[in-house]
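# Observations on the model geometry
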Amino acid sequence: MARDTSDMSAARDGLPDEAAAFRDAGTGELRQETMVINMGPQHPSTHGVLRLLLELDGETVIRCKPVIGYLHTGIEKNTEYRTWVQGVAYVTRADYLSPFFNELGYCLGVERLLGIEAPPRAQVIRVLICELNRVASHLIYLATGGLELGAVSVMLYGFREREIILDLFETVTGLRMNHAYIRPGGVVMDLPEEAPRKIRDLLDLLPHRIDEYETLLDDNPIWRERNEGVGVLSAEDALALGVTGPILRAAGVPADLRKDMPYGGYETYDFDVPVRSEADAYARYRVRIEEMRESLKIAEQAFRRLDDTPGPVMVEDPKVGWPPKLSVGPDGIGNDPEYLRHIMEESMEALIHHFKMVTQGVQVPAGEVYSAVESPRGELGFFIVSNGEHRPYRVKIRDPSFVNLQALPAMIEGYLVADSIAANASLDPVMGGVDR
Amino acid sequence: MRPEELAGRVRPVVPDVMVARDEVTAIVDRARLLEILAWCRDEPDLELGFLSCITATHWPEAQPAFWVSYELRSIAKLHRLRLKVGLSEADPHVPSVTAMFPTANWLERETFDFFGVVFDGHPDLTRIMLPEDWEGHPLRKDEPLGGVPIWYHGATVPPIDQRGMA
């Protein structure tokens, strides 16, 4: 418990009483027959700095109130003070387990405002890298979720495989996380020479590894006992609470934006949307396992297309595209030394253009869009407003973790404290996305 | 439903509808907001029963100063509609839609926290991201980025550029 509950005994001067719901209506005292405790904000199984106010009757959760905001970093405000391209580097940090989805959602929105579309090769690379990112993200769900329920080996395996995927991301973007690789107009640079071999190895390896997790968990009596019938959220409740992603699909609703409102060429890929009907934590686990398989199926198709889809990875318009050319260095993607020599020593025009693009960036016509992508956690939406200048006027991130977390009380009230851990793990919230 | 078709379907009820970049936006008077939302949700060919997002934008010196927007999505019919309500700086009140869409609870709290838009009838309209004793609403355009003293309960640390450190 990070905070002594005695400071909830009375409301502090002039502040809202956060424990109001736990007080006796007559006396105003905290109810004595039950116990109010803080779970978090520092707690190993809350996936970061999430605080749950729990009212317990013995081991049973009577009420739950999530308290968030501990990781709020003002990403939305910050984007208003940066160029459109720099915005990518901000939004990618929101949900840090699915950085490419943040970048993609934001860039699709900016592209819609600009009225442009990324070149075909960039679209294929985006799909490929996003689907591998989805697998990496679901692996973290497996790893942390497994650890929370005592399946330490699953934790080790999950992180091991994720590390291989992050290795590939590092090869492609120079960074393991927070890549800023997808940019308005395409992707910042083409795949490096060694990437195809690494992707091939990855696509050969991962399906077997997913089989292994299934062997470990599917019929594991403890795993089933802890997950089956736990954290149930019916389809109707999920929709009312705005819940999307694997949680909604585990409740029998086949909603997936990649199928429903395709973007970035998803309509040309062959894949299924896994659905279960039990609506419990175990069903969510099954949905995520199946989704990893589908993601690899999409990644395989995208990988095959790479050879037949030559061409630029950034729109040719010099007023939009980042000035070429870049290379991967030890600290991420940077200007290629050859290019630097060109602008510094050879061409004044290139230097002026480079300077304008870097300091001022793209000018985006006034307007507003809501661009949504299917992230590993559900509908990731970007409400982007431009007033026609070189910086966003407003960027709102509709993060699925934020909205899904609201459903936690509905999932755990009436269940045991231990079930709240399993239920929260099955929600797979990422606090970076919740608090932004 | 295609955007133009959807706009045509909505126009008899909400005259101020536009289609831009394949997105349909309807401007609603706040007195009719709940009624229009219920209509969008209940019309069998619209089925806009899923509220994706609520947020606001601040345009100081403009009238209205706040635009609160509601992103509706139809899970079955696969289309989207955005409703927007304009509010003045002096009277930033709008009815809460929490009773109709439980998901609005946190979204409205966030919009209140960031912009100071008051959602009348919300069951628990308190700050959600910032500390409960924070002053001001940081996503308003007249609030600065940074330069704010860092403070804990009972202690204050000046902004990083004013600490007088070499």
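Computed from a prediction, not measured in an experiment: that's the story for all the values here.

Cut-offs and rules
- Residues numbered from 1 in each chain as written.
- Chains lettered and ligands numbered in written order.
- Predicted model: local features only at pLDDT ≥ 70, side-chain atom pairs only at ≥ 80, totals over all residues.
- Core = buried A, V, L, I, M, F, W, Y, C linked by C-beta atoms within 7 Å.
- Buried ≥ 20, exposed ≤ 12 C-beta atoms within 10 Å, placed from the backbone.
- Helix = DSSP H or I, 4+ residues; strand = E, 2+ residues; numbered from the N terminus.
- Contact = placed C-beta atoms within 7 Å.
- Nonpolar A, V, L, I, M, F, W, Y, C, P; charged D, E, K, R; others polar.
- Axes fitted to C-alpha atoms, helices over the stretch in contact; angles between N-to-C directions.
- Parallel < 35°, antiparallel > 145°, perpendicular 65-115°, else oblique.
- Left-handed = near helix turned anticlockwise from the far one by under 90°.
- Pairing = 2+ DSSP bridges.

## Quick word on the nonpolar core
- Core analysis: the biggest nonpolar cluster contains 161 residues, and L128(A), L233(A), A238(A) and L81(B) have the highest contact counts within it.
- Per element, the largest residue contribution to this core is 14 residues, and it comes from helix α4 (residues 120-148) of chain A.

## Let's talk about the interface of chain B and chain A
- If you look at the interface, chain B gives 30 residues, while chain A gives 34 residues.
- Taken together, the elements giving at least two residues each to the side of chain B that touches chain A come down to β3 (50-58), β4 (66-73), β5 (80-87) and α3 (104-115) of chain B.
- By residue number, the principal contributor to the side of chain B that touches chain A is β3(B), which donates 6 residues.
- Looking at the side of chain B that touches chain A, its residues break down into 15 nonpolar, 8 polar and 7 charged.

## Some words on the packing of helix α6 (residues 195-217) of chain A against helix α11 (residues 281-308) of chain A
Residue and element names in this part refer to chain A.
- It is at 11 Å that the axes of α6 and α11 come closest, and there the two elements cross at 160°. The angle between the axes of α6 and α11 places the two elements in the roughly antiparallel class. With respect to the hand of their crossing, α6 and α11 are arranged in left-handed fashion. The segment α6 lies against α11, with P196, I199, L203, L206, P207, I210, Y213 and E214 engaging I289, M292, R293, L296, A299, E300, F303 and L306.
- Split into classes, the residues belonging to the contact of α6 with α11 amount to 13 nonpolar, no polar and 3 charged.

## Structural notes on the sheet that holds strand β9 (residues 378-386) of chain A
Residues and elements named next belong to chain A.
- Within the open sheet, the 3 strands sit side by side as β8-β9-β10. Their pairing is antiparallel. Each of the sheet's edge strands pairs with one partner strand only, and the pair in question is β8 (367-375) and β10 (394-398). Each adjacent strand pair in this sheet contributes to an overall mean axis angle of 15°, direction not counted.
- Contacts between helix α3 (residues 99-114) and the sheet are confined to β8 and β9, with β8 contributing the most and set at about 150° to the helix.

## Details of the pairing of β9(A)
Residue and element names in this part refer to chain A.
- In terms of residue burial, β9 counts as a mostly covered element, since 9 of its 9 residues are buried.
- As paired strands, β8 and β9 are joined by 9 bridges and run antiparallel to one another. Paired with Y370 across the two strands is F383, which belongs to β9.
- Linkage of β8 to β9, two consecutive antiparallel strands, is achieved through a turn of 2 residues.
- Summarising the sheet, β9 and β10 pair through 5 bridges and their orientation is antiparallel. Paired with G381 across the two strands is R398, which belongs to β10.

Everything listed here is a matter of geometry and, on its own, says nothing about what the molecule does.
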